[in-house]
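# Chains, contacts and geometry: an overview
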Amino acid sequence: MTDTKKSIHGEWSSRFAFILAAAGSAVGLGNIWKFPYITGENGGGAFVLVYLACVLLIGIPIMMAETMLGRRGKQSPINTINALVEEAGADKSWHYLGWMGVIAGFLILSYYSVIAGWASAYAFKAFIGSFVNADATEIREIFDDFIASPMQLIFWHSLFMVATMLVVVRGVNKGLEKAVYFLMPALFILLILLVGYAMTTDNYYQGIKFLFSPDFSKLTGDSVLIAMGQAFFTLSIGMGAIMVYGAYLPKDVSIAKTAFLIAGTDTVAALLAGIAIFPIVFANGLEPSGGPSLIFQALPIAFGNMTGGWLFGVLFFVMLVFAALKSSISLIEPAVAWLVEHKGMNREKACIWSGLAAWLLGFGTIFSFNIWSGFKIFDRTIFQLLDYLTANLMLPIGGFFIAVFAGWIIKQQHSEQELQMPDAQSYQVWRFLVRYVSPAAVFFIFLHVVGVL
Ligand code: PFF
């Protein structure tokens, strides 16, 4: 691998741009929509603890590994892995690793875009005043009517997919980078405002207690797997999104520092979302285990009945769409970069083809909320299956192999050179984590779920 080589897709203009883009990929629906509802479904505090442990012991080392591999390969994840396999003289079956990531990206984007479509529709509903003075029952009806209509879901899903493509087509600097510069600060300001509102409700402490006081009796084998899956999903690791962003990273940036910053930002965003949402859930007598509809049912009640709620509601859902957009662009970028490199397509064509594929796949998720809601495989609707398969299986398996590849296959001298750790000990700590701790943790959690442990 020549050190002077740059990615043909361009480079981030600064270290800060990379941090924003990677943190932008990480902070998304996973933090604001998914984290609260799976925490609610899995009993609260104990689940949050397991999730935090997974971020620290599995997430951060693997995020560093992915960034490092990307920067060394400087191409789409498929070609990066291929080039590094060659450099290390490793077995050709490692090539599947890049492919698995691209497939996971498509599957995730297909349902991600549908949920981002819900957020877009809710921004519109908030704007036209649908939630004003509505009570919990009315808000529930609005949601039920909405997801019962395939046409409405298709409309909003299509709109979001087009928006994603419009950003990606503009490339690394003019598209991805520009978008996150504006979206990240806006997101945090709104989250903090919402936490401020939650603090004024009588149920603030009940919400905090639910999030932070662990009750381990509520933790099942499956919830440990879900906590680990969430760590992968929320950090955008295990499928090559961070790898492709790493490919656009200039040479002199410290990977360790950026990984901590990104994971820290992501964790803070998830906790803020939880702190904002649970008090509102309890204040309105809703169940924390409300599932994927949780924030769509809880928040509009608050917006509909508080002063300034109209503006707040519009802003919140617009922000949620933007949060999703920063992530969706990273879900599709590995495939787009690969099409450009391998098929010699221009970026426009590559975007259209990948967007079209993910858009079509999205119909499976859309129909699982209405006309196919009775159609179940392994007791799960298509949406539930896609979510479980990608977050809880494909990303952890991808992450496991990324860790093994970075820790065992790549030459030590290469990873050391690429990571540029401040001192030898920190490098050894990372190497130990990525060789033993992260893969073993993923492996034991899998054994635990299938009942062997
Ligand atoms: N991290 C994103 C979120 O929390 O919403 C979702 C995601 C983006 C997962 C990119 C995986 C990925 F590669």
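Structure: see above.
One numbering rule holds for all chains: residues counted from 1, following each sequence as written. Local features in this predicted model are restricted to residues of pLDDT 70 or higher, and side-chain atom pairs are both shown and tallied only at a pLDDT of 80 or more, whereas totals for entire chains, interfaces and linings draw on every residue. With hydrogens and water excluded, all non-hydrogen atoms of the structure serve as input to the side-chain values.

## Here we look at the environment of glutamate 86
- Structurally, glutamate 86 can be placed in helix 4 (residues 77-88).
- Using a 1.4 Å probe on the protein chains alone, a residue whose accessible area is under 20% of its type maximum counts as buried, one over 50% counts as exposed, and one in between counts as partly exposed. Among the residues examined, glutamate 86 registers a relative accessible area of 65% and is labelled exposed.
- Taking the C-alpha atoms as reference points, glutamate 86 and glycine 229, 143 residues apart in sequence, are found 30 Å from one another. Working definition: helices are DSSP H or I runs of at least four residues, strands are E runs of at least two. Numbering for both runs from the N terminus.

## Thoughts on the site of the ligand
- Near is defined per residue: the residue qualifies when any heavy atom it owns lies within 4 Å of the molecule or strand. Neighbouring residues of the ligand: 15 residues in total, closest Ala26, Gly30, Tyr112, Phe233 and Met239.
- Between the ligand and serine 25 there is a distance of 3.1 Å, counted from a nitrogen atom to a backbone nitrogen or oxygen.
- Within 3.5 Å is the distance limit for a polar contact, defined as a pair of N or O atoms, with the added protein rule that one can donate a hydrogen and the other accept it, and that residues adjacent in sequence qualify only through two side-chain atoms. Take leucine 29: an N or O atom from its main chain is 3.0 Å from an oxygen atom of the ligand.
- Residue classes follow a fixed rule: Ala, Val, Leu, Ile, Met, Phe, Trp, Tyr, Cys and Pro count as nonpolar, while Asp, Glu, Lys and Arg count as charged, and any other residue, Gly among them, counts as polar. Grouping the amino acids of the shell around the ligand by side-chain chemistry returns 7 nonpolar, 8 polar and no charged.

## Thoughts on a nonpolar patch on the surface
- A patch is a set of surface residues, each over 30% in relative accessible area and not in a salt bridge, joined within 9 Å for like charges and within 5 Å for the nonpolar side chains Val, Leu, Ile, Met, Phe, Trp and Tyr. Per-residue and other accessible areas were derived by the Shrake-Rupley procedure at a 1.4 Å probe size, with only the shown protein chains allowed to occlude residues. Salt bridges are identified by distance alone: a Lys or Arg side-chain nitrogen within 4 Å of an Asp or Glu carboxyl oxygen. A contiguous nonpolar patch, built from Phe124, Phe127, Ile128, Val132, Trp310, Leu311 and Leu315 and spanning about 700 Å² of accessible area, is present on the exposed surface.
- Broken down by secondary-structure element, the contributors of at least two residues to the nonpolar patch are helix 5 (95-127) and helix 14 (309-343).
- With 3 residues, helix 14 is the largest single contributor of residues to the nonpolar patch.
- Under the relative-accessibility criterion, valine 132 is labelled partly exposed at 48%.

## Describing the packing of helix 3 (residues 45-73) against helix 17 (residues 412-419)
- Between helix 3 and helix 17, the least distance of the axes is 10 Å, while the angle of their chain directions is 95 degrees. When the axis of helix 3 is compared with that of helix 17, the two are roughly perpendicular. Every residue of helix 17 that contacts helix 3 at Met64, Met68, Arg71 and Arg72 is listed here: His414, Ser415, Gln417, Glu418 and Leu419.
- Here the contact of helix 3 with helix 17 is composed, by residue class, of 3 nonpolar, 3 polar and 3 charged. Orientation is described by axes fitted as lines to C-alpha atoms, over the contacting stretch for helices, and by angles from 0 to 180 degrees between their N-to-C directions. Any angle between 65 and 115 degrees counts as roughly perpendicular, while under 35 counts as roughly parallel, over 145 as roughly antiparallel, and the rest as oblique. Throughout, a residue-residue contact means that at least one pair of heavy atoms, one from each residue, lies within 4.5 Å.

## Focus: the side chain of lysine 34
- In this structure, lysine 34 sits in helix 2 (residues 29-41).
- Taking the relative accessible area as the measure of exposure, lysine 34 reaches 4% and is therefore buried.
- Excluding residues within four positions of it along the chain, lysine 34 makes contact with Leu29, Gln230, Phe233, Asp387 and Ala391.

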